[in-house]
Amino acid sequence: MEAQEIIATPPAVPLWSSIKEALRGSHQDFTKGSLNRAILLLAIPMVLEMVLESLFAVVDVFWVGRLGADAVATVGLTESMLSLVFAIGLGLSLSTTAMVARRIGEKKPVDAAVAGVQAILIGLAMSAVIGIPCFFLAPRLLALMGASPQIVASGSGYARIALGGSGAIMLLFLNNAIFRGAGDAAIAMRLLWVSNIINLVLDPCLIFGWGPFPKLGVTGAALATFTGRSIGVLYQFYRLLRGTERIRILREQIRLELPVLLRLIRVSFTGILQFAIAHTSWIGLVRIVSIFGSAALAGYTIAIRILIFIILPSWGLSNAAATLVGQNLGAKQPERAESSVWRTGFYNMLFLGAIGVFFVFFAEPAVRLFTNDPEVVPLAASCLRILSYGNIAYAYGMVMLQAFNGAGDTVTPTIVHFFGFWILEIPLAYALAIPAHMRSNGVFLSIVAAEAAIAAAGIILFKRGRWKRQQI
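All values reported here derive from a predicted model rather than from experimental measurement.

Describing the pattern of salt bridges
Now for step 1: Per the counting criterion, the structure on display carries 6 salt bridges.
Now for step 2: Arg255 is the salt-bridge partner of Glu257, the closest N and O atoms lying 2.6 Å from each other.
Now for step 3: Among the salt bridges present, the one from Lys468 reaches Glu338, with a minimum N-O distance of 2.6 Å. With Lys468 in the segment after helix H15 (439–464) and Glu338 in helix H11 (residues 334–367), the pair connects residues that are 130 residues apart, well separated along the chain.

Encoded structure:
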């Protein structure tokens, strides 16, 4: 951490004033001034943005659960197919944030806007390639996923809208990535407020036919979500064209710039692969855990959901680090970029470390908030307790790998993920669970070991500093 040097800062600003500024939208130049304040101003809206994005699924399941098992199964099967869209959207978002942040740091807002336009063009093309075929093939896709004839009959409308309208998901991700890269994290957060409020209101109205709305059942949930996201996307375009203090897309900038577009595609490809490797590794772990019965699988699922919810603020901190890296590299301040990563990693470690200590002692009460099944509770508590031992590793690992992404180096995290998840985690999970007779606990221990290895590799590679010379 030798790169952490004392940086001259203006007089301290009260914490509550900084929080209000973060929610309102900060005008601070993140390449100057206090790093601690820059992290706070970026992290608060980014954390809230991620929590709001998760609300789409929570609200849908809350209302759809009242329609019965077939409706819930429809949502689950369709969401599993949408994971490809999420992987593509997140991969494109990584490169978009990195490129926009770099241009903003270089004080080239026009080039940042041009990069944003290329990302939107890629998103529109991918939306058409995925959405149009899926709209017509939705019933067949449900059947291929193992849906019963009853689910295919009742859930095809939901799948058509959710899969066919996947462009709204992708564009929501990409446009918010532009705002994040520019440092307008509060705008990205408020855009999701708009989308979520619309979804929250329309969900029960369209599902159950409240008031003047038609009763559409599970199809209504998809239509409500698509409407909320689409209006959010339209508002994003309005804000991009109207402009903010940091970025504005002018009509003459809405054009194809092939060199920029190709660079985005090159960086995005490994970003997409990065998320695909991580997502598919969880499928492998679920397959091993399922050997030990439904109770073990339920325990694993509950523990992972608790952990993912707790980790959401950490992802907000990691995204803040990525933006700071991109902007400070653009401003030719690699030492400040490095300092921002170490400092964010330290704060992340304090947060997740405290959470880990809590769950080591109170895992069972936390699990009982979700289930009281006597077979599931001890397995879920054991899983949550074991995974909590790895919280410090998760904290540093996610910040380090997001720092590479923020620099535009999506290759390094992809390689680290491949070796960590597929070469180490999956074989180790199998070896500990079956030959070593540790059953599901062996799988849980393999996750901690893999995350620790990923964090160690990330720290070593980050300290080498090659990311500072990354061009994007």
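Section: the side chain of Thr96
Now for step 1: Locating Thr96 in the fold gives a position in helix H3 (residues 69–105).
Now for step 2: A residue is classified by how much of its surface remains accessible, and Thr96, at 2% relative accessible area, is buried.
Now for step 3: From its side chain, Thr96 meets the backbone oxygen of Leu92 in a polar contact 2.8 Å long.
Now for step 4: Residues within four places of Thr96 in sequence aside, it is in contact with Ala119, Leu174, Ala177, Ile178 and Leu264.

Looking at the side chain of Thr414
Now for step 1: Looking at the secondary structure, you find Thr414 in helix H14 (residues 411–433).
Now for step 2: Given the relative accessible area of 6%, Thr414 is considered buried.
Now for step 3: At 2.7 Å, the side chain of Thr414 forms a polar contact with the backbone oxygen of Thr410.
Now for step 4: Excluding residues within four positions of it along the chain, Thr414 makes contact with Thr270, Leu273, Gln274 and Ile277.

Section: the packing of aromatic side chains
Now for step 1: A full pass over the atoms with the stated rule returns 14 aromatic pairs.
Now for step 2: With centroids separated by 6.2 Å and ring planes inclined at 25°, the aromatic side chains of Phe208 and Trp210 adopt a geometry described as stacked.
Now for step 3: Members of the aromatic cluster, connected to one another through ring pairs, are Trp342, Phe404, Phe462 and Trp467.
Now for step 4: Here Arg160 stacks its cationic end above the ring of Phe135, 5.7 Å away from the centre of that ring.

Digging into the packing of helix H4 (residues 109–144) against helix H6 (residues 166–182)
Now for step 1: Interhelical geometry of H4 versus H6 gives an angle of 165° and a closest axis separation of 9 Å. In this view, H4 runs roughly antiparallel relative to H6, as classed from their interaxial angle. Viewed along their axes, H4 and H6 form a crossing whose handedness is right-handed. Contacts between H4 and H6 pair Gly116, Ala119, Ile120, Gly123, Leu124, Met126, Ser127, Ile130 and Gly131 from the former with Ser166, Gly167, Met170, Leu171, Leu174, Asn175 and Ile178 from the latter.
Now for step 2: Here the residues of the contact of H4 with H6 are counted per class, giving 9 nonpolar, 7 polar and no charged.

Observations regarding the nonpolar core
The nonpolar side chains of soluble globular proteins are, as a tendency, buried together.
Now for step 1: Counting residues in each nonpolar core, the largest one holds 62 residues, and the members touching the most others are Val64, Leu82, Val100, Leu142, Tyr158, Met170 and Ile247.
Now for step 2: Those elements giving two or more residues to this core turn out to be helix H2 (35–64), H3, H4, helix H5 (149–164), H6, helix H7 (185–208), helix H8 (218–242) and helix H9 (258–289).
Now for step 3: Per element, the largest residue contribution to this core is 13 residues, and it comes from H3.
Now for step 4: Membership of the second largest hydrophobic core comes to 59 residues, among which are Ala295, Ala381, Met400 and Phe404.

Description of the packing of helix H10 (residues 294–330) against helix H13 (residues 391–406)
Now for step 1: In the contact formed by H10 and H13, the axes pass within 8 Å of each other and the chain directions differ by 35°. As H10 packs across H13, the resulting crossing turns out to be right-handed. On the side of H10, the interface is formed by Leu307, Ile311, Ser314, Trp315, Ser318, Asn319, Ala321, Ala322, Val325 and Gly326, while H13 contributes Asn391, Tyr394, Met398, Val399, Gln402, Ala403 and Gly406.
Now for step 2: Taken together, the residues of the contact of H10 with H13 break down into 10 nonpolar, 7 polar and no charged.

Quick word on unusual backbone geometry
Now for step 1: Located in the positive-phi region is Lys332, a residue other than glycine, with phi close to 60°.
Now for step 2: The residue Lys332 is located in the loop between H10 and H11 in this model.
Now for step 3: Given the relative accessible area of 68%, Lys332 is considered exposed.
Now for step 4: The phi angle at Arg439 is positive, at roughly 55°, despite the residue not being glycine.
Now for step 5: If you trace the backbone, Arg439 turns up in helix H15.
Now for step 6: Under the relative-accessibility criterion, Arg439 is labelled partly exposed at 48%.

A short note on the environment of Arg140
Now for step 1: As for its position among the elements, Arg140 is in helix H4.
Now for step 2: For Arg140, a relative accessible area of 63% gives the class exposed.

Describing the confidence of the model for the protein
Now for step 1: The share of residues in the protein with pLDDT of 70 or more is 96%, and the mean pLDDT across the chain is 87.
Now for step 2: Averaged pLDDT values for the elements of the protein fall to 78 in H2 and rise to 95 in H14.
Now for step 3: Of the regions scoring below 50 in pLDDT, residues 1–9 engages in 18 contacts with residues more than four places distant in sequence or in other chains.

Some details on H10
Now for step 1: Under the 1.5 Å per step criterion, the end-to-end length of H10 is 51 Å for 37 residues, consistent within 8% with the ideal 54 Å.
Now for step 2: Of all the bends in H10, the greatest, near 40°, is centred on Leu312, and the proline Pro313 appears no more than four residues after it.
Now for step 3: Burial within H10 is extensive, with 28 of its 37 residues counted as buried.
Now for step 4: Two residues or fewer after H10 comes Lys332, characterised by a positive phi angle close to 60°.

Details of a nonpolar patch on the surface
Now for step 1: Taken together, Leu23, Leu48, Trp193, Ile197, Leu200 and Val201 make up a surface patch of nonpolar side chains, about 520 Å² in accessible area.
Now for step 2: Looking at the nonpolar patch element by element, the count peaks at 4 residues for H7.

Definitions and cut-offs
- Residues numbered from 1 in each chain as written.
- Predicted model: local features only at pLDDT ≥ 70, side-chain atom pairs only at ≥ 80, totals over all residues.
- Heavy atoms only, no water.
- Salt bridge = Lys/Arg side-chain N within 4 Å of Asp/Glu carboxyl O.
- Helix = DSSP H or I, 4+ residues; strand = E, 2+ residues; numbered from the N terminus.
- Buried < 20%, exposed > 50% of the residue type's maximum accessible area, 1.4 Å probe, protein only.
- Polar contact = N/O pair within 3.5 Å; in protein donor to acceptor, adjacent residues only side chain to side chain.
- Contact = heavy atoms within 4.5 Å.
- Phe/Tyr/Trp six-rings, centres within 6.5 Å; stacked < 30°, edge-to-face > 60°.
- Lys NZ or Arg CZ within 6 Å of the ring centre and 35° of its normal.
- Axes fitted to C-alpha atoms, helices over the stretch in contact; angles between N-to-C directions.
- Parallel < 35°, antiparallel > 145°, perpendicular 65-115°, else oblique.
- Left-handed = near helix turned anticlockwise from the far one by under 90°.
- Nonpolar A, V, L, I, M, F, W, Y, C, P; charged D, E, K, R; others polar.
- Core = buried A, V, L, I, M, F, W, Y, C linked by side-chain atoms within 4.5 Å.
- pLDDT = per-residue confidence, 0-100.
- Expected span 1.5 Å × (residues − 1).
- Bend = angle between axes of the 7 residues up to and from the residue.
- Patch = residues over 30% accessible without salt bridge, like charges linked within 9 Å, V, L, I, M, F, W, Y side chains within 5 Å.
- Areas by Shrake-Rupley, 256 points an atom, 1.4 Å probe, with all protein chains shown as cover.

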